[in-house]
Amino acid sequence: AQSVTQLGSHVSVSEGALVLLRCNYSSSVPPYLFWYVQYPNQGLQLLLKYTTGATLVKGINGFEAEFKKSETSFHLTKPSAHMSDAAEYFCAVSGGGNTPLVFGKGTRLSVIA
Amino acid sequence: GAVVSQHPSRVICKSGTSVKIECRSLDFQATTMFWYRQFPKQSLMLMATSNEGSKATYEQGVEKDKFLINHASLTLSTLTVTSAHPEDSSFYICSARNRITSSDGYTFGSGTRLTVV
């Protein structure tokens, strides 16, 4: 079974500041890890994913995440926040194959001018 | 890239009526589709998993007679909310897995906002 814990339901940063959204996972099998972004009343957009290989994953819009097995973490970062980054972010895990994604509770990112 | 079309995007229906939501993979074959429900300011909760040509597998607590899922082809899955009530008002999102290259991940529809009045 898989589960995800996102630390912090709301994170607020200044424009241009570092963005750090935390995600810890639990999985009984090697995990596939994902970060999605959701804007109000819209579906989910994939930011990045980790399946195998390089543990530092680069995604769209300048986001990246690092898979750390020893810490069971997959934190999302962006060096410099932009106003357009304000949205809800979800970390998700699956066991691969045709297993469903299991989502964390989400973190709302606010960017202050 | 893989695209999943979900319709309608918004629907308002009267209590007691049924609503059908379609989820269609446009440029790939989806062996497996997942249906999620999202309440305001909450996360996505898996409702059921549907595999083409077989019965859907429902998560615990989800009424299979109320939420009818049909996955009749490799490109179409439908969710029908039967005898809808105001508590069924929610955001419903489908997700599809690519048949040929599952490592491509999960492609999501744009969601359906259901309001039952």
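The structure displayed is predicted, hence computed values, not measured ones. (Residues numbered from 1 in each chain as written. Chains lettered and ligands numbered in written order. Predicted model: local features only at pLDDT ≥ 70, side-chain atom pairs only at ≥ 80, totals over all residues. Heavy atoms only, no water.)

## Things to note about the overall build of chain A
Reasoning step 1: Assigned secondary structure in chain A consists of zero helices and 11 strands.
Reasoning step 2: Secondary structure of chain A in N-to-C order comes out as β-β-β-β-β-β-β-β-β-β-β.
Reasoning step 3: In summary, chain A has a C-alpha radius of gyration of 13 Å against a globular reference of 13 Å for 113 residues, a match within 12%.
Reasoning step 4: Dimensions of chain A, computed from C-alpha atoms along their principal axes, come out at roughly 40 × 30 × 20 Å.
Reasoning step 5: Put simply, chain A has 113 residues, and 42% of those count as buried.
Reasoning step 6: Total accessible area computed for chain A in this model is approximately 5300 Å², and 54% of it derives from carbon and sulfur atoms. (Helix = DSSP H or I, 4+ residues; strand = E, 2+ residues; numbered from the N terminus. Rg over C-alpha atoms; globule rule 2.2 N^0.38 Å. Buried < 20%, exposed > 50% of the residue type's maximum accessible area, 1.4 Å probe, protein only. Areas by Shrake-Rupley, 256 points an atom, 1.4 Å probe, with all protein chains shown as cover.)

## Some thoughts on the interface of chain B and chain A
Reasoning step 1: On the chain A side, the residues contacting the 22 residues of chain B number 19 residues.
Reasoning step 2: Where chain B abuts chain A, roughly 1600 Å² becomes buried across the two surfaces, and 50% of that area is made up of carbon and sulfur atoms.
Reasoning step 3: Of all residues in chain B, Ser43(B), Tyr106(B) and Phe108(B) give up the largest surface area on contact with chain A, accounting jointly for 33% of the area buried on that side.
Reasoning step 4: Here chain B and chain A share zero salt bridges between them.
Reasoning step 5: Here chain B and chain A share eight residue pairs in polar contact (both at pLDDT 80 or more) between them.
Reasoning step 6: Among the elements of the structure, strand S4 (30-38), strand S5 (44-51), strand S9 (90-98) and strand S10 (106-108) of chain B are those that each provide at least two residues to the side of chain B that touches chain A. (Contact = heavy atoms within 4.5 Å. Buried area = accessible area lost by both parts, 1.4 Å probe. Salt bridge = Lys/Arg side-chain N within 4 Å of Asp/Glu carboxyl O. Polar contact = N/O pair within 3.5 Å; in protein donor to acceptor, adjacent residues only side chain to side chain.)

## Examining the sheet that holds strand S3 (residues 19-27) of chain A
All names here are of chain A.
Reasoning step 1: Taking strand neighbours across the sheet as the criterion, the five strands line up as S1-S3-S8-S7-S6 in an open arrangement whose pairing is antiparallel. For this open sheet the edge positions go to strand S1 (2-7) and strand S6 (56-58), each flanked by a neighbour on one side alone. The mean inter-strand angle of the sheet, taken between neighbouring strand axes irrespective of direction, is 20 degrees.
Reasoning step 2: For S3 and strand S8 (residues 73-78), the ladder comprises four bridges, and the chain directions are antiparallel. When the sheet's bridge partners are listed, Val 19 is paired in S8 with Lys 78. (Pairing = 2+ DSSP bridges. Axes fitted to C-alpha atoms, helices over the stretch in contact; angles between N-to-C directions.)

## Comments concerning the sheet that holds strand S3 (residues 19-25) of chain B
All names here are of chain B.
Reasoning step 1: Taken together, the four strands give an open sheet; going across it, the order is S1-S3-S8-S7, and neighbouring strands pair in antiparallel fashion. Each of the sheet's edge strands pairs with one partner strand only, and the pair in question is strand S1 (4-7) and strand S7 (67-73). Strand-to-strand twist in this sheet, taken as the mean axis angle between neighbours without regard to direction, amounts to 15 degrees.
Reasoning step 2: Direction of pairing for S3 relative to strand S8 (residues 76-81): antiparallel, over a ladder of six bridges.

## With respect to the environment of Met83(A)
Residues and elements named next belong to chain A.
Reasoning step 1: Position of Met 83 among the secondary structure elements: in the loop between S8 and strand S9 (87-94).
Reasoning step 2: When the C-alpha positions of Met 83 and Leu 109 are compared, they lie 10.0 Å apart, and in sequence the two are 26 residues distant.
Reasoning step 3: Discounting chain neighbours no more than four positions away, the residues touching Met 83 are Glu 15, Val 111, Ile 112 and Ala 113.

## Notes on the nonpolar core
Reasoning step 1: One finds Trp35(A), Leu48(A), Leu76(A) and Tyr89(A) to be the most contacted residues of the largest nonpolar core, which totals 26 residues.
Reasoning step 2: The set of elements that each furnish at least two residues to this core consists of strand S2 (10-14), S3, strand S4 (32-38), strand S5 (44-50), strand S7 (64-68), S8, S9 and strand S11 (107-112) of chain A. (Core = buried A, V, L, I, M, F, W, Y, C linked by side-chain atoms within 4.5 Å.)

## Some points on the state of the cysteines
Residue and element names in this part refer to chain B.
Reasoning step 1: Evaluation of the coordinates by the stated rule reveals two disulfides over all chains.
Reasoning step 2: Through a disulfide, Cys 23 is tied to Cys 94; the S-S separation comes to 2.0 Å. The sign of the 80 degrees torsion about the S-S bond sets the Cys 23-Cys 94 disulfide as right-handed. One end of the pair, Cys 23, is in strand S3; the other, Cys 94, is in strand S9, and 71 residues separate them in sequence.
Reasoning step 3: Overall, the relative accessible area of 0% leaves Cys 94 in the buried class.
Reasoning step 4: Cys 94 supplies the cysteine sulfur nearest to Cys 13, a cysteine that is in no disulfide, at a spacing of 18 Å. (Disulfide = S-S within 2.5 Å.)

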